[in-house]
Amino acid sequence: MYEGAVQNLIDELGRLPGVGPKSAQRIAFHLLSAETADVKRLVGALVEVKERVRFCSVCGNVAEESECRICRDPRRDTSVICVVEESKDVVAIERTREFRGRYHVLGGAISPIEGVGPDDLRIKELMTRLADGQVTELILATDPNLEGEATATYLARLLKPLGLRVTRLASGLPVGGDLEYADEVTLGRAFEGRRSLDF
Amino acid sequence: MYVSHLQLADYRSYEAANLELEPGISTFVGPNGQGKTNLVEAIGYVATHGSHRVANDAPLVRRGAERAIVRAAVVRGDRRAVIELEINPGKANRARLNRSAGTRPRDVLGILRTVLFAPEDLSLVKGDPGERRRFLDELLVARAPRYAGVRSDYERVLKQRNALLKSASARYFKQRAEPDLTTLEVWDQHLAEAGAELLGARLVLAAELQPLVEKAYGELTSSAGSPALHYRSSAVEEGDELPVDRPQLVDVLRAALAEARPQELRRGVSLVGPHRDDLQLRLGDLPAKGYASQGESWSFALALRLAGFELLRADGDDPVLILDDVFAELDSERRRKLAEHVRTAEQVLVSAAVPGDVPPELMGARYRVREGTVERER
Ligand SMILES: Nc1ncnc2c1ncn2[C@@H]1O[C@H](COP(=O)(O)OP(=O)(O)O)[C@@H](O)[C@H]1O
Ligand SMILES: [Mg+2]
Ligand SMILES: [Zn+2]
C-alpha cells in the first residue's frame, strides 16, 4: 500500500477494464514521472469526453448532440435497424458501407456469469422504437460468440409476435470472436448473406 | 507417426532436455522420482494440450520458473512437423508450428496423436463417471480436433446456465422472486444444441468401441466374461433408447431440461446434459465398478485404451503408444499379452523403474533417466 494520493490513483486505474493491479501501479508511476503538461492534456481529454460525448437518445450510440450523426442523417433507411452490442461495432459495420439503415446499441450481451441480464441492456428502448410500425426488418449483429448468440436468440423470441423480418448475420465470421475484429470484406459478406431467424 | 525429437525447457523436473527418438520401441528406465513420467507426460501434452495426471497446468512448470516449453518433431509418412507449446499457467498457451509464430494452440492440436497407458488408468473402471467422460472426449478430440471446440462451447454454455440458475434460485429463496423463464429458455436451447453435438458423437464412439473392447479384452485374458459398454445419458430414463439423429437429440435434451427445471431452480445447477452422463462398464451381467476383481479391472482398463489405439490406427496412422510404468501393475500373463498387442505400433515409448518388469520383446532402445536428465544407453 502506498500513501494517500498515489494509492487512490492506483485504485482508480485498477477499476478500468483490462487493467490489473500490476499495470495500475505501472501506469500510476508513469504518470507521476511524466511532464505536468502531458498529464494535464490527459485530464483535459477525460473531462472533455465526459462533458461533450453522450449517448444518442434514439439508438444509444456515442453522440456529441442529443442524437447521433446516423440517426440525424435523413438519407438513412428508417425501415431497417441493425442491433449491435457496442458503439465500436457501429464503427466496424459503417466501414463496410454495406448497411444504409439505422442502429440500436444494446450496451452489452446477456451473460449470467457477469450478472448481465436482459434488463441491463437497452431492450425496452428497442421495443419502444418498434412500436410505430415503421421498422420492417431487424438485423441481429451481436458478436459471433456464445453470449452474442444467446442475446440474438433472446431477441428473436421476444420479437416474434411483432411479425418483423428478423435476420442474423451469415456465418463466416470468426466464431467465438468480436464483431469489431472482423475484417471489412468478411463483415460485408456476412451482411449480404444474412439469414432469417425463425423461432 | 512417431516423435523424432523432444526438447523441454523448465518442464516439471527438467531445466533442459534434448533427445532424439526413433520409431520402434524405446524404454526409459530409472528409479522412482527421477523424471520418467514427466518425460512421457510432456509428449502426451503436445498431443492433448493437457496432462494425464493433473487438471491444471501450474504443476507442469518447473518450480521457480514462469513458463515451460515443450517442443516435439513429429514424423508422419514423409512429412515432418515441429510443434512448440509454451505453457503459461493461468494465461493462454502459445504455439508455434515449424518455428513460425502466429499459430494458435488449437491449430496444432491433432498433429501428434498418442495413446497413453498409466497406472491411473485403473480409475477408468473404478473411478467416477468424469474419468470415463474424459476418456471418450479425449478420443473424440484425437480423432477430430474440432471436438475440442465443441467441448469448450458446451462447457461455456454450462457455466453461463449454472450462473443463471444460481442467481435465480438465490433470488427465489431470498425474495420469492419468480425466475426469468425467457432467459432460461434461451440457455436451455443453447445447452441442448451444444449438448446434442457432444452427446451424439459420444454415442457413435461408444458403439464403435464396443467390438474393439471385446476383442482386446479377449486377447488380454483367458478368463470368460464379456465386457460391455453402455452409455448412460442423464437425459433419459435407464433403459430408454436414445436417437442418433442430432435434431432429435436436441429435442430429447430440451424435454429433459423442461422436466428437470423445478429441481434445477431449487438446486441452482444444471442436472441434465453430457456433463452428467456416464459410460457404464459391465462384465457379463454385473457392473465392473464395485464387482470386478483387480485383475479384471486392469484388463478392462487396458482393453479400453487398446480399443482407442485400434480406432485411431484404423483412421490411417498409428498413434504413438506410451506405456508409463504400467507393467509393474500387471501379472506376468497380462504383461506378455499387452506386449504382444502393442509391439507392432510404429512407435512405443515404455517407462519402468525396474527393467525386469518390462517383457523382453519390449526392450528396445534404452534410455537412462536420472535426476532430470535423460541419456541414451549404448
Ligand atoms: N513443477 C516441478 N518442478 C520441479 N520438480 C518437479 C515438478 N513436478 C514434479 N517434479 C519432480 O519430478 C519428480 C517426479 O518425476 P516423475 O517423472 O513423476 O518420476 P518417475 O521417474 O517416477 O516417473 C519428483 O521428484 C518431483 O518432485
Ligand atoms: Mg512415473
Ligand atoms: Zn443514434
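All values reported here derive from a predicted model rather than from experimental measurement.

Caption draft 1: Summary view of the interface of chain A and chain B. At the junction of the two partners, chain A supplies twelve residues and chain B supplies 15 residues. Of the residues contributing to the side of chain A that touches chain B, the split by class is seven nonpolar, three polar and two charged.

Caption draft 2: Region of interest: the sheet that holds strand S8 (residues 114–117) of chain B. All names here are of chain B. Ordered in space as S8-S12-S13-S3-S14-S15, the six strands form an open sheet in which the pairing is mixed. On the outer flanks of this sheet lie S8 and strand S15 (373–376), each paired with one strand and no other. Sheet twist, expressed as the average angle between the axes of neighbouring strands with direction ignored, equals 20°. As defined by bridge partners, S8 adjoins strand S12 (residues 320–324) across four bridges and the pair is classed as parallel.

Caption draft 3: Inspection of the sheet that holds strand S4 (residues 102–105) of chain A at higher detail. All names here are of chain A. Pairing is mixed across the open sheet formed by five strands, whose spatial order is S4-S3-S5-S6-S7. Looking at the sheet topology across the chains shown, the edges are occupied by S4 and strand S7 (195–196). As paired strands, strand S6 (residues 165–168) and S7 are joined by two bridges and run antiparallel to one another. Residue pairing for S7: Arg168 is matched across the bridge by Arg195. Sheet strands in contact with helix H5 (residues 87–96) are strand S3 (80–84) and S4, and its direction is about 125° off that of S3. Seen against the sheet, helix H7 (residues 146–159) touches S3, strand S5 (137–140) and S6 and runs at an angle of roughly 160° to S5.

Caption draft 4: Quick peek at the UniProt feature "binding site: ATP" (unreviewed entry) in chain B. Residues and elements named next belong to chain B. The UniProt entry lists Gly30, Pro31, Asn32, Gly33, Gln34, Gly35, Lys36 and Thr37 under the feature "binding site: ATP" (unreviewed entry), expressed in the numbering used here. Tracing the chain through its elements places Asn32 in the loop between strand S3 (24–29) and helix H1 (36–48). Residue placement: Gly35 occurs in the loop between S3 and H1. With residues near it in sequence (within four places) discarded, Gly35 still touches Arg12, Ser13, Tyr14, Val369 and Gly372.

Caption draft 5: Focus on the packing of H5(A) against helix H8 (residues 184–192) of chain A. Residues and elements named next belong to chain A. Packing of H5 against H8 brings their axes to within 8 Å, and their N-to-C directions diverge by 85°. On the basis of the axis angle, H5 is roughly perpendicular to H8. Each of Ala92, Ile93, Arg95 and Thr96 in H5 lies in contact with H8, whose residues at this interface are Glu184, Leu187, Gly188 and Phe191.

Caption draft 6: Spatial organisation of the site of ligand 1. Residues and elements named next belong to chain B. Taken together, the neighbourhood of ligand 1 is formed by 15 residues, with Ser13, Lys36, Thr37, Asn38 and Arg63 sitting nearest. Sort the elements by how many residues they give to the shell around ligand 1 and H1 lands first, with three residues. Here the shell around ligand 1 is composed, by residue class, of three nonpolar, eight polar and four charged.

Caption draft 7: Seen up close, the nonpolar core. Counting residues in each nonpolar core, the largest one holds 145 residues, and the members touching the most others are Val83(A), Ile43(B), Leu253(B), Ala303(B) and Ile322(B). It is helix H6 (residues 181–220) of chain B that contributes the most residues to this core, 15 residues altogether.

Caption draft 8: Layout of the pairing of S15(B). Residue and element names in this part refer to chain B. Pairing analysis gives four bridges linking strand S14 (residues 365–370) to S15, with the strands arranged antiparallel. Counted as the bridge partner of Val369 is Val374 from S15. Once S14 ends, the chain turns through two residues before running back antiparallel as S15, passing Glu371 with a positive phi of about 45°.

Caption draft 9: Quick look at helix H8 (residues 294–314) of chain B. An ideal rise of 1.5 Å per residue puts 30 Å on 21 residues; H8(B) measures up with 30 Å between its terminal C-alpha atoms. The first or second residue beyond H8(B) is Gly316(B), which carries a positive phi of 125°.

Caption draft 10: Representation of the environment of Arg12(B). Residue and element names in this part refer to chain B. Looking at the secondary structure, you find Arg12 in the loop between strand S1 (2–11) and strand S2 (14–20). Accessibility expressed as a C-beta count within 10 Å gives 21 for Arg12, which makes it buried. Taking the C-alpha atoms as reference, Arg12 lies 9.7 Å from Ala65; in sequence the two are 53 residues apart. Sequence-distant contacts of Arg12, defined by excluding residues within four places in its chain, comprise Gly35, Asn38, Leu60 and Arg62.

Caption draft 11: Looking closely at the environment of Ser167(B). Among the structural elements, Ser167(B) can be located in helix H5 (residues 146–175). Remark: the alpha-carbon pair of Ser167(B) and Pro179(B), spanning twelve residues in sequence, is separated by 9.1 Å.

Basis of the calculations
Residues numbered from 1 in each chain as written. Chains lettered and ligands numbered in written order. Predicted model: local features only at pLDDT ≥ 70, side-chain atom pairs only at ≥ 80, totals over all residues. Contact = placed C-beta atoms within 7 Å. Nonpolar A, V, L, I, M, F, W, Y, C, P; charged D, E, K, R; others polar. Pairing = 2+ DSSP bridges. Helix = DSSP H or I, 4+ residues; strand = E, 2+ residues; numbered from the N terminus. Axes fitted to C-alpha atoms, helices over the stretch in contact; angles between N-to-C directions. UniProt positions renumbered as here; feature names shortened; annotations may be inferred. Parallel < 35°, antiparallel > 145°, perpendicular 65-115°, else oblique. Near = placed C-beta within 6 Å. Core = buried A, V, L, I, M, F, W, Y, C linked by C-beta atoms within 7 Å. Buried ≥ 20, exposed ≤ 12 C-beta atoms within 10 Å, placed from the backbone. Expected span 1.5 Å × (residues − 1).

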